[in-house]
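One letter stands for each residue in the lines below.
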Amino acid sequence: MTAPSRVRLTMAQAVVRYLSQQRTARDGHEQPLIAGVLGIFGHGNVAGIGEALQASRTSMPYYLARNEQAMVHTAAAFAKMRNRLSTLACTSSIGPGATNMLTGAAGATINRVPVLLLPGDIFAGRRPAPVLQQLESSQSQDVSVNDCFKPVSRYWDRINRPEQIVTALPEAMRVLTSPAETGAVTLALPQDVQAEAYDYPAALFEPRIWTVPRARADRDRMQEAARLIRSSSRPMIVAGGGVIYSEATDALRRFADATGIAVGETQAGKGALPEPHPLTLGGVGATGTRAANRLARDADLVIVIGSRLSDFTTASKTAFQHERVRFVTINVAELDAGKHAALPLVGDARAVLEELLPMLAGYRVGGEYEAAVKAAQADWQAEVERVCAAGLPAEAVKAAQADWQAEVERVCAAGLPAEAPEGRSLGLPAEAPEGRRRVTQAQIIGVLQDALGPTDVIVCAAGSLPGDLHKLWRARDPKGYHLEYGYSCMGYEIAGGLGVKMAAPERRVCVLIGDGSYLMMAQEIVTAVQERLAMTIVLLDNRGFASIGGLSEAVGSGGFGTKYRYRNPATGDLDGDALPVDLAANAESLGARVWRAGTLESLRDALAEARTEQRPSVIVVPVEREARVPGYDSWWDVPVAEVSSRRDVQAAREAYEIARQRERDFL
Ligand SMILES: Cc1ncc(C[n+]2csc(CCOP(=O)(O)OP(=O)(O)O)c2C)c(N)n1
Ligand SMILES: [Mg+2]
């Protein structure tokens, strides 16, 4: 017997060579599992992974990011755009470079998208310890800051000997490509071991294809699900991100067309049944449409496909009020499939829908239901047009004149966020500098809806925009609506837009971002400039946190600490003059082309010009902070202080206690 052939490489060289040989395949389509490596070098990776990447740059491209958290967002957005079949790896130094990736790791794991993190780690050999940036413990020397990745990773390993990668790397790939288990995968790489050589088996570097399966659900449970559907008179489908990741959108359309069951979408699921379609009701839940939320309220059977059923989707377990409502779930992950005491169909969305449909042959929901769906849809379309066209929504104006206590009660009972009454606001003056009224966020969404093509991608994550988009946006393509709303991480937007563009260079990418998020993480504009990647960033400047400001009003705290204003010597609070922050100048300084658009016309013009730009474009639009899109028959559980000297808080608490009585246990 001849000895297996060996290749002498450093551990880092072996990792990079191995990654360059991994591919995924689903339905016969192949692509690289790891399409590139994002990184920032320091002493913890420059001589190991850095050296290896330089040697392999034709087979494994390297991208220099500006912030380690941002690069994980970029990788996550890339993976989301590629339906989790391809991602990017992230290399960091030890210490702060590594821990900067923690937030991104948590976001990826919570959103169930694959990212491969390769933080540098302290010397496995320990001789020079403590090294620069090393965390020390008096209880153990087997501790480093990289242990913090354990709870936010779906697989975690530390490579203390070079040969350990022979078993660690395949495990890492298994988790990355597992539809049920995927998330952040962390391989902590001690800086001395990265540079150490070992005679690796040549077979480790053979090309390998990871087939991503379409798991089938249990047959008996499928029969039971078909029976439940047939016996329901007011069913509804809740479509989550799993529908899109599984490329089940055609299967969902066929299922809806054949059965007549209407579809509400979660944030990750928006676009699962692209518009226009007679059975799509838009977003469901706390930020849902009136159409979807009314149907949800009365549904006797909810078919949940590929959703985590977060509190936003279930309106904190108040969305489904039918006394005997039952749930059927289709999900690859048992964890999700088991929620709400559902009948769990554990499997791939497309495979399960395709097998379930023939079991429902001859079934269709009744005509009365169809008429209700039609009416709800027409009502919603009219509402979208009204809100996007009007300046201040009529309801907001009405609410502005209402008594604050009544307003708190109304909002806590029926909707989120609160429309702030005039006179209570410390916001910007209503008049824009040129004497016009500031435009509203809803109007901007309306303009974007007209200006963008069906396959253009909007990217968003935090603030008041995600809720407004969930209510108002019409997704015409399954990949056209990219919201990170599992972690809703401020700072995801621009880094995420970069990842989307890298994953789908043929599409126009439009990032929607608030001034708060922009100030948290705008630096990846520089990375986009460096890579000559064009994206249009629409920056909505309302001088602070409209979202949390509104929430603060709703819990009786009057918007405390949410406005970007000078500290006022007279009050001691942050209610002085507006801060002289020029975000347009900031974006310009990073290399973006910039427009200042104070009106809807100038926004339209800038969007048209930005379309042909070859670099990132930033359009800064001052927006009316207090003109909010109302909530539609929904609620979100944010506990209000049980005791307080503030009357507003007491009133909000009273309303809260009433509202929370609608929360249900599904057992
Ligand atoms: C990293 C992070 N920190 C804090 C929050 C809590 N938070 C949610 S929205 C928001 C304000 C966002 O401000 P901006 O981007 O200006 O959007 P606006 O609310 O004005 O629409 C905050 C602080 C968060 N989601 N993410
Ligand atoms: Mg803001």
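Source: prediction; values computed, not measured.

Trainee: Before we go on, may I ask you to explain the pairing of strand β15 (residues 301-305) in this structure?
Mentor: Looking down a regular strand, the side chains alternate between one sheet face and the other. Where burial is concerned, most of β15 is hidden: five out of the five residues are buried. Side-chain alternation along β15 places Leu301, Ile303 and Ile305 on one buried face and Val302 and Val304 on a second face that is also buried. As defined by bridge partners, strand β12 (residues 235-239) adjoins β15 across five bridges and the pair is classed as parallel. Across the sheet, isoleucine 237 pairs through a bridge with isoleucine 303, a residue of β15. Judged from the five bridges that link them, β15 and strand β16 (residues 326-331) form a sheet pairing that is parallel. Each bridged residue has a counterpart across the sheet, and for leucine 301 the counterpart in β16 is arginine 326.

Trainee: Would you mind going over the side chain of arginine 214 with me for this structure?
Mentor: Within the secondary structure layout, arginine 214 lies in the loop between β11 (208-211) and α8 (219-230). Here aspartate 27 takes part through its side chain, which lies 2.7 Å from a polar atom of the side chain of arginine 214. Residues contacting arginine 214, with those up to four places away along its chain left out, are Arg26, Asp27, Ser246, Glu247, Asp348, Arg350 and Ala351.

Trainee: What is the right way to look at the nonpolar core in this model?
Mentor: The tendency in soluble globular proteins is for nonpolar side chains to be buried as a group. Membership of the largest hydrophobic core comes to 94 residues, with the highest contact counts inside it found for Leu252 and Leu356. It is helix α15 (residues 367-389) that provides the largest number of residues to this core, a total of seven residues. Here leucine 252 is in contact with Ile237, Ala239, Val243, Val263, Ala272, Leu273, Ile305 and Leu353, once residues within four sequence places are set aside.

Trainee: Looking at this model, I keep getting lost on the pattern of salt bridges. Mind explaining?
Mentor: Evaluation of the coordinates by the stated rule reveals 40 salt bridges. Between aspartate 633 and arginine 294 there is a salt bridge, with the nearest N and O atoms lying 2.4 Å from each other. Here aspartate 633, found in the loop between β23 (617-622) and α26 (647-659), pairs with arginine 294, found in helix α11 (residues 290-298); they are 339 residues apart in sequence, far enough to count as distant. The exposure class assigned to arginine 294 is partly exposed, which follows from its relative accessible area of 36%. Across the pair arginine 593 and glutamate 613 runs a salt bridge, and its minimum N-O distance is 3.0 Å. One end of the pair, arginine 593, is in strand β22 (residues 593-596); the other, glutamate 613, is in the loop between α25 (600-610) and β23, with 20 residues separating them in the sequence. When salt bridges that share partners are traced, they join Asp27, Arg214, Arg254, Asp348, Arg350 and Glu354 into one network.

What counts and how
Sequence order as written defines the numbering, with residues in each chain counted from 1. Chains carry letters and ligands carry numbers; both start at the beginning, A for chains and 1 for ligands, and go up in the order they are written. Local features are withheld for residues below a pLDDT of 70 in this predicted model, meaning they are given only at 70 or higher, and side-chain atom pairs are given and counted only at 80 or more; totals for whole chains, interfaces and linings count all residues. The basis for every side-chain value is the complete set of non-hydrogen atoms in the structure, without hydrogens or water. For each residue, the accessible area found with a 1.4 Å probe, counting protein chains only, is set against the maximum for its type, and the residue is called buried under 20%, exposed over 50%, and partly exposed in between. Only DSSP runs of H or I with at least four residues qualify as helices, and only runs of E with at least two residues qualify as strands; both kinds are numbered from the N terminus onward. When DSSP locates at least two bridges between a pair of strands, those strands are taken to pair. A 3.5 Å cut-off defines polar contacts: any pair of N or O atoms within that distance qualifies, except that in protein one atom must be a possible hydrogen donor and the other a possible acceptor, and neighbouring residues in sequence count only when both atoms are side-chain atoms. Note on definitions: a residue-residue contact is assigned when non-hydrogen atoms from the two residues lie within 4.5 Å. The nonpolar core is taken to be a set of buried Ala, Val, Leu, Ile, Met, Phe, Trp, Tyr and Cys residues, with the residues joined through side-chain atoms within 4.5 Å. The salt bridge definition used is simple: a Lys or Arg side-chain nitrogen within 4 Å of an Asp or Glu carboxyl oxygen.

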